[in-house]
Structures are given as structure tokens and as C-alpha cells.
Amino acid sequence: VQLQASGGGLVQAGGSLRLSCAASGRTFENYGMGWFRQAPGKEREFVAYISWGGGSTYYVDSVRGRFTISRDNAKKMVYLQMNSLKPEDSAVYYCAAMKTLVAEPDYWGQGTQVTVSS
């Protein structure tokens, strides 16, 4: 599976962005998909996960209620809708393909920068 993330940018606090992750490869629908982020000087952290069928989603507490992960298996796309953005959401965001919520990702996309100004 190859992954290509896009949609990052500069936005004011309180604004919204939608990240997209385009996947290629015939096994995409066999994978759960996750979004992770890494801020300068910090370790990469889990943000959100969606199961292969889309029926289960999980979020880190800091984004629950503000971010929504979704997927379109027919288009091989995964999305992260980010609302009510805060400066602390600023980071490089990565999409990843993973067998389960707790599994290490098998594939990573390149990052897309999100910067939230106060």
C-alpha cells in the first residue's frame, strides 16, 4: 500500500481543515487506517483510527469531538476533518495503514503540515 497525504495548511485558531490520504494497492481495504501527528521536539502521537470497514473509529482524547476520521474504500481515500482547531494541533500529520488499532503501522504516507495560528 502506498499512501499520499494532502490538505495541510495554515489556518487561524477555531478554523477547519480536511486532510486527505490517497491509497494505492489492492489490499487497501484489508487495513485499518490511522492518522498520527508530530510536533517539533515531540514524539509522533496517535490521533485517530478507522477500521477497515469504517464501522469503528477511535480518537485521542485531545481531538475527540473536534476531529472526524472517515474513509471511502471505493475511492481508496481516508479523510480527517479537523474543526475548532487549536494552536496545539499544529504538527506534521501522517496517514498510516495498520492491521488493528494497536498494531504498528505497516505503511506510512509522507507528512502534511498543519499550522494553526492563535
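So, a few notes on the structure that sits alongside this text. (Residues numbered from 1 in each chain as written. Predicted model: local features only at pLDDT ≥ 70, side-chain atom pairs only at ≥ 80, totals over all residues. Heavy atoms only, no water.)

**Describing the overall build of the chain**
Right, on to step 1. Looking only at helices and strands, the chain features zero helices and 11 strands.
Right, on to step 2. The N-to-C order of helical and strand elements in the chain reads β-β-β-β-β-β-β-β-β-β-β.
Right, on to step 3. For 118 residues, the compact-globule estimate of 2.2 N^0.38 gives 13 Å, and the C-alpha radius of gyration of the chain, at 13 Å, lies within 12% of that figure.
Right, on to step 4. In terms of principal-axis extent, the alpha carbons of the chain reach across some 40 × 25 × 25 Å. (Helix = DSSP H or I, 4+ residues; strand = E, 2+ residues; numbered from the N terminus. Rg over C-alpha atoms; globule rule 2.2 N^0.38 Å.)

**A look at the packing of aromatic side chains**
Right, on to step 1. For the coordinates displayed, the defined rule picks out five aromatic pairs.
Right, on to step 2. A ring pair is formed by Phe-36 and Phe-46, whose centres lie 5.8 Å apart and whose planes are at 80°; its orientation type is edge-to-face. On the criterion of sequence distance, the pair formed by Phe-36 in strand E4 (residues 32-38) and Phe-46 in strand E5 (residues 45-50) is long-range, its members being 10 residues apart.
Right, on to step 3. A residue is classified by how much of its surface remains accessible, and Phe-36, at 10% relative accessible area, is buried.
Right, on to step 4. A relative accessible area of 24% places Phe-46 in the partly exposed class. (Phe/Tyr/Trp six-rings, centres within 6.5 Å; stacked < 30°, edge-to-face > 60°. Buried < 20%, exposed > 50% of the residue type's maximum accessible area, 1.4 Å probe, protein only.)

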